[in-house]
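Residues per chain are reported as follows:
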Amino acid sequence: MTSYGRKLGVNIFALMQDSGISRQGLAEKLNYSYRDVSRILEGKLMLSPSELEQIALLFGKTKKELLNYEADRLVPELQYMKEFSDTAHLDKILDLLDDYVDLKESV
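Since the model is a prediction, treat every value here as computed from it, not as a measurement. (Residues numbered from 1 in each chain as written. Predicted model: local features only at pLDDT ≥ 70, side-chain atom pairs only at ≥ 80, totals over all residues. Heavy atoms only, no water.)

### Examining the pattern of salt bridges
In total, this model carries two salt bridges according to the counting rule given. Close ionic contact of Asp36 with Arg39 constitutes a salt bridge, the shortest N to O distance being 3.9 Å. In this pair, Asp36 and Arg39 both sit in helix 3 (residues 34-41), three residues apart, roughly one turn of the helix. With relative accessibility at 25%, the residue Asp36 sits in the partly exposed group. Judged by relative accessible area, which is 26%, Arg39 ranks as partly exposed. Lys44 is paired through a salt bridge with Glu42; the nearest N and O atoms lie 3.8 Å apart. Under the relative-accessibility criterion, Lys44 is labelled partly exposed at 29%. For Glu42, a relative accessible area of 38% corresponds to the partly exposed category. (Salt bridge = Lys/Arg side-chain N within 4 Å of Asp/Glu carboxyl O. Helix = DSSP H or I, 4+ residues; strand = E, 2+ residues; numbered from the N terminus. Buried < 20%, exposed > 50% of the residue type's maximum accessible area, 1.4 Å probe, protein only.)

Printed below as a string of structure tokens:
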């Protein structure tokens, strides 16, 4: 499930970049907090089907297009994703980093 959330976050982030929308701008358009938008982009916040629909419509996409979006170019901030030949390894490393950050924030 985590990799699905990350993929969705990457797709939304790429669409934001293409549309020139900032995190704060997206938060305002969708009535989310800045923190919630950050959590969506990181794949840490589950979205309901209606929320997915709302985000897709904002970018002129269907839910299916949003979930399967492939950016023409890789966003520079996400270049590291191309360095892994096996995405399972990437997911494992990102999960470990997420766990570390969560632990650090709770201390």
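### With respect to the packing of helix 2 (residues 23-30) against helix 4 (residues 49-58)
Relative to each other, helix 2 and helix 4 sit at 120°, their axes nearing to 11 Å. One way to sum up the angle between helix 2 and helix 4 is to call them oblique. Read as a crossing pair, helix 2 and helix 4 show a hand that is right-handed. Here Leu26, Lys29 and Leu30 of helix 2 come into contact with helix 4, specifically with Gln54, Ile55 and Leu58. (Axes fitted to C-alpha atoms, helices over the stretch in contact; angles between N-to-C directions. Parallel < 35°, antiparallel > 145°, perpendicular 65-115°, else oblique. Left-handed = near helix turned anticlockwise from the far one by under 90°. Contact = heavy atoms within 4.5 Å.)

### Description of the packing of helix 2 against helix 3
Viewed as axis vectors pointing N to C, helix 2 and helix 3 meet at an angle of 110°, and their least axial separation amounts to 8 Å. Relative to helix 3, the element helix 2 lies roughly perpendicular. In this structure, helix 2 contributes Arg23, Gln24, Leu26 and Ala27 to the contact, and helix 3 contributes Tyr34, Val37, Ser38 and Leu41. For the contact of helix 2 with helix 3, the class distribution of residues is five nonpolar, two polar and one charged. (Nonpolar A, V, L, I, M, F, W, Y, C, P; charged D, E, K, R; others polar.)

### Structural notes on the nonpolar core
Among the nonpolar cores identified, the biggest contains 21 residues, and Ile12, Leu26, Leu47, Ile55, Phe59 and Leu66 are the most heavily contacted of them. Taken together, the elements giving at least two residues each to this core come down to helix 1 (2-19), helix 2, helix 3 and helix 4. Here the element with the most residues in this core is helix 1; it accounts for six residues. Not counting residues up to four positions away in its chain, the partners in contact with Ile12 are Leu26, Ile40, Leu41, Ile55, Phe59 and Leu66. (Core = buried A, V, L, I, M, F, W, Y, C linked by side-chain atoms within 4.5 Å.)

Nothing here speaks to function; it is geometry throughout.
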